[in-house]
Amino acid sequence: MKRVFITGALGQLGRALTGLLKENHDCLLYLTDSVPDEKNVVKKLDITDEASVKAEISAFRPDVIVNCAAMTAVDLCETEQEKAYNINALGPKYIAEAANEINAKLFHISTDYVYDGQADTPYVEESRPNPISVYGRTKLAGDYYVMGCCPDAVILHTSGLYGEGKNFVKTMLRLADEGKSIRVVADQFVTPTSALELARVIVFLMNTDCRGKYHATCEGSTSWYGFACKIFELTGRDVRIDAISTPEYPAPAKRPPYSVLDNKKLRELHGYYMKDWADALKEYLDGIERYRCHEI
Ligand code: NDP
């Protein structure tokens, strides 16, 4: 039985991964987040608290650690830079040091925002990072710490995550249901990725001989506008939606115009293919509809 320690267990990826491991796998889980859940199944652990991180990891002695915790509010990172650095860079450093100390396999999650988005073909793992936001810079610093402190760690770069929690899909559905006018940028290209698809990759890699940097996004790509259109198409909503350009939607943090990643290493080393982004979205939306039916 694998002992698995998860940070950020109440976030989108943390919930998807926990659900998957509980359903299908023979694991003993130790779940943590910045706040405990109501049933205290998820314990409080602030990853910026070095002493607590190291004490809890060494006490549980996990075989695998998955760091799903991060400060993901990209715009807020611009104004709360120290907090962003502590959570996105120093927290992963403490976890990596603790993992290395006990030879635990560490999976750390990073982002497409480590790239500047000036490319016109998908980024591969060897592409040069050049972040253009505080979020991207602090995540990249975290990646460097993880690799420096725990050379056997795996860093998974993903993009446009949606799962249980606040995300673009839920925002679009809410705006549509409220009858609000919807304007979405059509000149930023990403690959929307379901948290469940990313969780499946982590579970798969847990049983392989993997190390280093991996890209892990769904297949294909689209603009945020294209993503929104697909959400409404798949949920049968007839919504008016305007395509706008980035300057028409000013935001504190700069976004890369093209942050599409190629999962070259997953494909070439492991023969692993993630779902196409539209198929993964359909799976997610079907799940939401089922959940809504249960609620009623
Ligand atoms: P979420 O924001 O949904 O979850 C992150 C979790 O980390 C939250 O529960 C958060 O708690 C917790 N957390 C924040 N600060 C701390 C702290 N100091 N100590 C312990 N826990 C903390 O993130 P996602 O699941 O969406 O993202 C997972 C990973 O994927 C992250 O590394 C992220 O950078 C990366 N990623 C995400 C993308 C996205 O679109 N969301 C895109 C690309 C990469 P609280 O809510 O209380 O702050």
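The structure this text deals with has already been given above.
Not measured: the values here are computed from a predicted model.

A.B. asks: Sorry, what's going on with the sheet that holds strand β3 (residues 42–44) here?
C.D. replies: To summarise the sheet geometry, strands pair through backbone hydrogen bonds and adopt either a parallel or an antiparallel arrangement. Taken in spatial order, the 7 strands line up as β3-β2-β1-β4-β5-β6-β11 in an open sheet, and their pairing is parallel. Two strands lie at the open edges of the sheet, namely β3 and β11 (212–215), each paired on one side alone. Strand-to-strand twist in this sheet, taken as the mean axis angle between neighbours without regard to direction, amounts to 25°. Strand direction decides the pairing type here: strand β1 (residues 2–7) and strand β2 (residues 27–33), joined by 5 bridges, are parallel. Within β2, the position partnered with I6 by the bridge is L31.

A.B. asks: Could you clarify how one ought to interpret the packing of helix α2 (residues 50–60) against helix α4 (residues 81–102) in this entry?
C.D. replies: The axes of two packed helices give the description: the angle between them and the distance between them. Two numbers describe how α2 lies on α4: the axes approach to 9 Å, and their chain directions differ by 30°. As far as their axial angle goes, α4 and α2 are roughly parallel. Our pair here, α2 against α4, has a crossing hand that is right-handed. Contact with α2, carried on its side by E50, V53, K54 and I57, involves Y94, I95, E97, A98 and I102 of α4 and no other residues of that element. Here the contact of α2 with α4 is composed, by residue class, of 6 nonpolar, no polar and 3 charged.

A.B. asks: Before we go on, may I ask you to explain the side chain of S223 in this structure?
C.D. replies: Here S223 shows up in strand β12 (residues 222–223). Side-chain polar atoms of S223 contact the backbone nitrogen of G226, separated by 2.9 Å. If near-sequence neighbours (up to four positions away) are discounted, S223 is found in contact with V185, A186, Q188 and F189.

A.B. asks: Could you clarify how one ought to interpret the site of the ligand in this entry?
C.D. replies: The environment of the ligand is made up of 25 residues, and the closest members are D33, S34, T72, Y135 and K139. At 3.0 Å, a backbone N or O of Q12 approaches an oxygen atom of the ligand. Within the side chain of S34, one N or O atom sits 2.7 Å away from an oxygen atom of the ligand. Against a free-state accessible area of 910 Å², the protein chains account for coverage of 79% of the ligand. Of all elements in the fold, only α1 (12–24), β5 (105–111) and α5 (134–149) reach the threshold of two or more residues within the shell around the ligand.

A.B. asks: Whenever I open this one, α1 confuses me. Can you help?
C.D. replies: Note that an α-helix has 3.6 residues per turn; residues three or four places apart therefore point the same way. Its 13 residues give α1 an end-to-end C-alpha distance of 19 Å, which sits within 8% of 18 Å, the value for a rise of 1.5 Å per residue. Turning to α1, its buried residues number three or more, namely Q12, L13, G14, A16, L17, T18, L20 and L21. Check the buried side of α1 and you find it contacts β1, β2, β4 (64–67), β5, β7 (161–162) and α7 (195–206).

A.B. asks: In this structure, what is going on with the state of the cysteines? I would like to understand it.
C.D. replies: Where two cysteines share a covalent bond between their sulfur atoms, that bond is called a disulfide. On inspection of all chains with the given rule, the structure shows 0 disulfides. C218 carries a free sulfur, and the closest cysteine sulfur to it, the one in C68, is 16 Å from it. A relative accessible area of 2% places C218 in the buried class. Among the cysteines around C229, which has no disulfide bond, C218 carries the closest sulfur, lying 18 Å off. The exposure class assigned to C229 is partly exposed, which follows from its relative accessible area of 26%.

A.B. asks: For this particular structure, what's the right way to read the pattern of salt bridges?
C.D. replies: Working definition: two side chains of opposite charge can pair if their charged atoms are close together. Per the stated rule, a full pass over the model turns up 17 salt bridges. With a shortest N-O distance of 3.9 Å, E164 and R15 are connected by a salt bridge. On the criterion of sequence distance, the pair formed by E164 in the loop between β7 and α6 (168–177) and R15 in helix α1 is long-range, its members being 149 residues apart. A salt bridge links K230 to E233; its shortest N-O distance comes to 3.4 Å. In this pair, K230 and E233 both sit in helix α8 (residues 224–234), 3 residues apart, roughly one turn of the helix. A residue is classified by how much of its surface remains accessible, and K230, at 22% relative accessible area, is partly exposed. Salt bridges here are not isolated pairs; linked through shared partners, they connect E50, K54, K93 and E97.

Cut-offs and rules
Residues numbered from 1 in each chain as written. Predicted model: local features only at pLDDT ≥ 70, side-chain atom pairs only at ≥ 80, totals over all residues. Heavy atoms only, no water. Pairing = 2+ DSSP bridges. Helix = DSSP H or I, 4+ residues; strand = E, 2+ residues; numbered from the N terminus. Axes fitted to C-alpha atoms, helices over the stretch in contact; angles between N-to-C directions. Parallel < 35°, antiparallel > 145°, perpendicular 65-115°, else oblique. Left-handed = near helix turned anticlockwise from the far one by under 90°. Contact = heavy atoms within 4.5 Å. Nonpolar A, V, L, I, M, F, W, Y, C, P; charged D, E, K, R; others polar. Polar contact = N/O pair within 3.5 Å; in protein donor to acceptor, adjacent residues only side chain to side chain. Near = heavy atom within 4 Å. Areas by Shrake-Rupley, 256 points an atom, 1.4 Å probe, with all protein chains shown as cover. Expected span 1.5 Å × (residues − 1). Buried < 20%, exposed > 50% of the residue type's maximum accessible area, 1.4 Å probe, protein only. Disulfide = S-S within 2.5 Å. Salt bridge = Lys/Arg side-chain N within 4 Å of Asp/Glu carboxyl O.

These figures capture arrangement, not role.
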